[in-house]
Amino acid sequence: DTAVSQTPKYLVTQMGNDKSIKCEQNLGHDTMYWYKQDSKKFLKIMFSYNNKELIINETVPNRFSPKSPDKAHLNLHINSLELGDSAVYFCASSPRDYYEQYFGPGTRLTVT
Amino acid sequence: GNSVTQMEGPVTLSEEAFLTINCTYTATGYPSLFWYVQYPGEGLQLLLKATKADDKGSNKGFEATYRKETTSFHLEKGSVQVSDSAVYFCALADSGGGADGLTFGKGTHLIIQP
């Protein structure tokens, strides 16, 4: 019954590695998002994606790339991880033409 | 650009006290406004929303009214409980379309003491 799910919940890795976080939604929504929450709880949009368009926040390094195999999934790939990438990453989804978003439980990424 | 400003806290109250968390916004269009709540170790849950001026969103005893004249969306609850302890986020979505994502305030950490 989980609406938006993410795996893994925790991810600990070393600098320089490449990692992926998976996100799936079973709500039939058209648009999915990735947010980054820093240590002070501040949330910032990284990407939004629907069937036709990827919108990238200009502050996101190109080491981060979203990949959508289908409408229900939006995975986040991160190359050459850096210490500053440590944060909680949230996936979210929303219906077309509506604004409320439904969030996953988050993935806590720790880069050592 | 769009922005949301809210008191950061922590805000500490006793059980059954009255709660107000202030939120003001700056937006170019006619945004929709939201309050989200994040309980410890969990994701964000939509608490309430308002999509146009003078709308009142309400849920679980919480209320907020969209005030266009003061660009505000203050969250209120008449009698808080220990279980309300969480981080509360005010957010807006620009009228240009949902694909732009939400703009969040920095969150207000609420602590309710028995």
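Above: the structure in question.
Described below are features of the structure shown in this document. Note that the structure is a prediction, hence the values are computed from the model and not measured. (Residues numbered from 1 in each chain as written. Chains lettered and ligands numbered in written order. Predicted model: local features only at pLDDT ≥ 70, side-chain atom pairs only at ≥ 80, totals over all residues. Heavy atoms only, no water.)

All names here are of chain B. If you trace the backbone, Y66 turns up in the loop between β8 (62-65) and β9 (75-77). The class of Y66 is buried, set by a relative accessible area of 3%. Separated by 15 residues in sequence, Y66 and T51 place their C-alpha atoms 7.9 Å apart. With residues up to four places along the chain from it excluded, the contact list for Y66 reads Y25, Y30, P31, L33, A50, T51, K52, A53, D54, D55, S72 and F73. (Helix = DSSP H or I, 4+ residues; strand = E, 2+ residues; numbered from the N terminus. Buried < 20%, exposed > 50% of the residue type's maximum accessible area, 1.4 Å probe, protein only. Contact = heavy atoms within 4.5 Å.)

Attention now moves to the pattern of salt bridges. Should the charged atoms of two oppositely charged side chains come close, the side chains can pair. All names here are of chain A. Considering all chains together, one arrives at seven salt bridges over all chains under this definition. Residue E82 pairs with R63 through a salt bridge whose shortest N-O separation is 3.5 Å. Note that E82 is positioned in the loop between β8 (75-78) and β9 (87-94) and R63 in the loop between β6 (54-56) and β7 (64-67), a separation of 19 residues in sequence. Residue E82 is classed as partly exposed on the basis of its relative accessible area, which comes to 41%. (Salt bridge = Lys/Arg side-chain N within 4 Å of Asp/Glu carboxyl O.)

Let's shift gears to the interface of chain B and chain A. Facing 23 residues of chain B, the contacting portion of chain A comprises 20 residues. Taking both sides of the interface into account, the surface hidden between chain B and chain A amounts to around 1700 Å²; carbon and sulfur atoms contribute 60%. At the junction of chain B with chain A, the criterion picks out one salt bridge. Note that B:K49 and A:E100 form a salt bridge whose closest N and O atoms lie 2.9 Å from each other. Along the contact surface separating chain B from chain A lie four residue pairs in polar contact (both at pLDDT 80 or more). Breaking the side of chain B that touches chain A down by element, the ones donating at least two residues are β5 (32-38), β6 (44-50) and β10 (86-93) of chain B. In terms of residue count, β5(B) provides more of the side of chain B that touches chain A than any other element does, four residues in total. Among the residues making up the side of chain B that touches chain A, the classes are represented as nine nonpolar, nine polar and five charged. (Buried area = accessible area lost by both parts, 1.4 Å probe. Polar contact = N/O pair within 3.5 Å; in protein donor to acceptor, adjacent residues only side chain to side chain. Nonpolar A, V, L, I, M, F, W, Y, C, P; charged D, E, K, R; others polar.)

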